[in-house]
Amino acid sequence: MAPDRNRAVREVAGTIGASTLWGLGLPQIHERYWASRGLQVVRPGGPTPSRKGPELFLLVPTSVSVDFSLGGLLRTFAWIRPKAVRIRLIEKTKTPYSERVIREPDGKFVAFERRYDQRGVRAAQIWMTPSFELAEAWRQAKSSAEAHRLIRRSVSRSRTHVVKISGRIFETRTDAGQDTFWRHVLKDWKNPVGVVDGVYQPSPGVWIHETCQIDPKARIIGPVWLGAGHRLGPGDTLVGPAIVPDEPLITPNPGSIDWWDVTHSGWRLIPSIRRRPIRNLTKRGFDIIVSLCVLGVTLPMFPILMLLIWREDGGSPFYIHQRQRFGGRTFGCIKFRTMKLNADEIKAKMIEDNLADGPQFFVKDTDDERLLRHGGWMRRYKIDEFPQFINVLLGHMSIVGPRPSPDKENQYCPAWREARLSVRPGITGLWQVASERKPQTDFQEWIRYDLEYVQTNSWRLDLAIIVGTIKKILS
């Protein structure tokens with residue numbers, strides 16, 4: 001690289017304008033940025049949304065790019081289940097000063113006026129929805145105003161949730177807005193891998209396209225995003241923060257978004273796990289007290305249930321299966337046996353009837369040929385799980401937590417495995433209460449609710465799950 005060219009890219013590459021980065025223009029970078037968080041951006045007149053894959057659709061006006069925190073909104077969708085959320089996005093700005101040109105009526109220049117310590121508030125209205133139909137209707141609208149009116153007409157107030165949150169708003173029609181957006185993305189987007197093909201990270205904060213030729217003696221000081229087709233020779237230095245667009249004659253293929261990989265990828269799904277000793281201590285005390293009370297009430301029923309199971313086929317009344325608990329250690333999960341002794345052979349014949357995706361096998365109890373005569377009602381009222389309170393007393397399990405699973409199932413998603421094994425598994429949990437068990441979405445819900453529980457692990461959530469479990473059993 002010639003010295004003058006090297007100097008030209010030492011600072012942030014201002015407005016990329018009509019150029020591309022890794023084969024993507026500014027709107028596409030905005031879309032991939034949100035795709036890395038599981039959302040698909042939809043604009044009026046833009047590309048057709050994907051029917052399968054995105055967790056949610058983000059409906060934005062044509063010339064606006066946005067950024068904000070998803071934490072509270074995801075909990076809103078998990079608990080309230082709205083058809084659409086209308087977001088009033090607010091950005092409060094403070095600048096050292098603003099300038100304007102004062103002219104006479106005929107246009108003659110008079111002076112510059114500078115105002116110091118300027119504050120301003122900008123707002124934008126956007127939507128989030130899990131509905132492909134609403135996303136497609138938004139895309140087909142001829143303007144942003146028409147799109148907003150269409151959503152309001154299509155969704156009743158009872159299915160609409162309204163929130164006001166703080167975030168960033170970028171008017172990408174202007175050079176200043178584009179420049180601000182690029183600077184923000186360079187600072188905030190930590191990992192484009194998974195939604196952009198052909199990029200790699202040779203050192204922290206430095207992302208380079210695979211078509212670049214970098215001499216081992218060249219120096220790159222991040223944060224730097226280097227577009228396709230560049231060459232850095234011995235002694236060349238590139239100092240960030242900098243975004244260097246693709247070479248003009250290079251047209252790299254950024255690839256399409258693999259939504260399955262995005263929604264199941266380890267780098268995105270690992271939650272932040274809070275270590276709270278007092279919470280763990282009080283939760284363990286609660287588990288012991290409740291388990292003793294439940295076993296004190298139900299133990300007289302054990303001989304009767306054991307006799308009913310034994311009389312049907314002469315087998316053991318208990319089923320003990322090896323599951324993984326806190327830290328990945330295994331334990332024998334105890335349940336009353338509700339299935340026939342040859343249940344595995346029957347399952348092999350029923351595999352085509354499986355309603356679950358992922359590693360699970362699930363059919364409705366009314367269609368399950370593996371069940372004993374008494375197995376259906378025992379499972380329906382969760383009576384088969386009473387022996388698990390012994391596991392709780394032994395410290396293997398908790399009253400509330402992720403469903404205990406064998407090592408084979410946990411291998412399907414390493415990041416999900418590490419997160420769910422950071423807490424004790426539970427007799428009941430968020431997935432058991434909140435999942436809809438729709439065909440071919442069950443595994444995604446399982447991952448989603450397990451991670452939601454680990455991230456928001458609290459007494460309020462535990463009590464809500466216990467109440468929800470009781471309501472579900474009684475209904």
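Residues numbered from 1 in each chain as written. Predicted model: local features only at pLDDT ≥ 70, side-chain atom pairs only at ≥ 80, totals over all residues. Heavy atoms only, no water.

A few words now on the overall build of the protein. Counting its secondary structure elements, the protein contains 18 helices and 19 strands. Here the protein holds 475 residues, and 47% of them are scored as buried. (Helix = DSSP H or I, 4+ residues; strand = E, 2+ residues; numbered from the N terminus. Buried < 20%, exposed > 50% of the residue type's maximum accessible area, 1.4 Å probe, protein only.)

It is worth spelling out helix α3 (residues 71-79) at this point. Where α3 is concerned, the buried positions are L73, T76, F77 and A78. Residue R81 follows α3 closely and has a positive phi angle near 55°.

Grouped together as the largest cluster of nonpolar side chains are 41 residues, with contacts concentrated most on W34, L58, V66, F68, M128 and W225. Broken down by element, this core gets its largest block of residues, 5 residues, from helix α2 (residues 26-35). Those residues in contact with V66 that sit more than four places away from it in its chain are H30, W34, L58, V60, L89, I126, R168 and F170. A78, F302, I399 and L430 belong to the second largest nonpolar core, which has 26 residues in total. (Core = buried A, V, L, I, M, F, W, Y, C linked by side-chain atoms within 4.5 Å. Contact = heavy atoms within 4.5 Å.)

Attention now moves to the environment of E436. Mapped onto the elements of the fold, E436 is located in the loop between α16 (430-434) and α17 (442-455). Not counting residues up to four positions away in its chain, the partners in contact with E436 are R81 and E445.

Here the focus is empty space enclosed by the protein. For the structure on display, the rule yields 2 cavities of 30 Å³ or more. The space that makes up the largest cavity amounts to roughly 40 Å³. Tallied by class, the residues present in the lining of the largest cavity amount to 6 nonpolar, 2 polar and 3 charged. Reported here for the second largest cavity is a volume of approximately 30 Å³. (1 Å grid on protein atoms, 1.4 Å probe; cavity = no way out; pocket = protein on both sides within 12 Å on 5 of 7 lines; lining within 4 Å. Points joined across faces, edges and corners; volume = space filled by probe spheres on them. Nonpolar A, V, L, I, M, F, W, Y, C, P; charged D, E, K, R; others polar.)

A few words now on the environment of P387. Structurally, P387 is set in the loop between α12 (375-380) and α13 (388-393). The exposure class assigned to P387 is buried, which follows from its relative accessible area of 0%. Sequence-wise, P387 and I334 are 53 residues apart; in three dimensions their C-alpha atoms are separated by 5.7 Å. Beyond its immediate stretch of four places on either side in the chain, P387 contacts F302, F318, I334, K335 and F336.

Averaged over every residue, the pLDDT of the protein is 82; residues scoring 70 or more account for 81%. Contacts from residues 1-15, a stretch scored under 50 in pLDDT, to residues over four places away or in other chains number 33 contacts. (pLDDT = per-residue confidence, 0-100.)

On to the packing of α2 against helix α6 (residues 175-188), then. Direction vectors running N to C along α2 and α6 enclose 30°, while the axes themselves pass 11 Å from each other. Viewed along their axes, α2 and α6 form a crossing whose handedness is left-handed. On α6, the residues touching L26, I29, H30 and Y33 of α2 are Q178, F181, W182, H184, V185 and D188. Partitioning the contact of α2 with α6 into residue classes produces 6 nonpolar, 3 polar and 1 charged. (Axes fitted to C-alpha atoms, helices over the stretch in contact; angles between N-to-C directions. Left-handed = near helix turned anticlockwise from the far one by under 90°.)

Moving on, we come to unusual backbone geometry. Residue P223 follows G222 across a cis peptide bond; omega there is 5°. Positive phi, normally seen in glycine, also occurs at W22, with a value near 60°. With respect to the secondary-structure elements, W22 resides in the loop between α1 (3-8) and α2.

Moving on, we come to the pattern of salt bridges. Within this structure, the stated rule accounts for 11 salt bridges. Between D450 and R420 there is a salt bridge, with its nearest N and O atoms 2.9 Å apart. With a gap of 30 residues between them, D450 in helix α17 and R420 in helix α15 (residues 414-420) connect regions that are remote in the sequence. Residue class for D450 comes out buried when judged on its relative accessible area of 3%. For R420, a relative accessible area of 4% translates into the label buried. Ionic contacts of the salt-bridge type, sharing partners, join the residues E91, R122 and R168 into one network. (Salt bridge = Lys/Arg side-chain N within 4 Å of Asp/Glu carboxyl O.)

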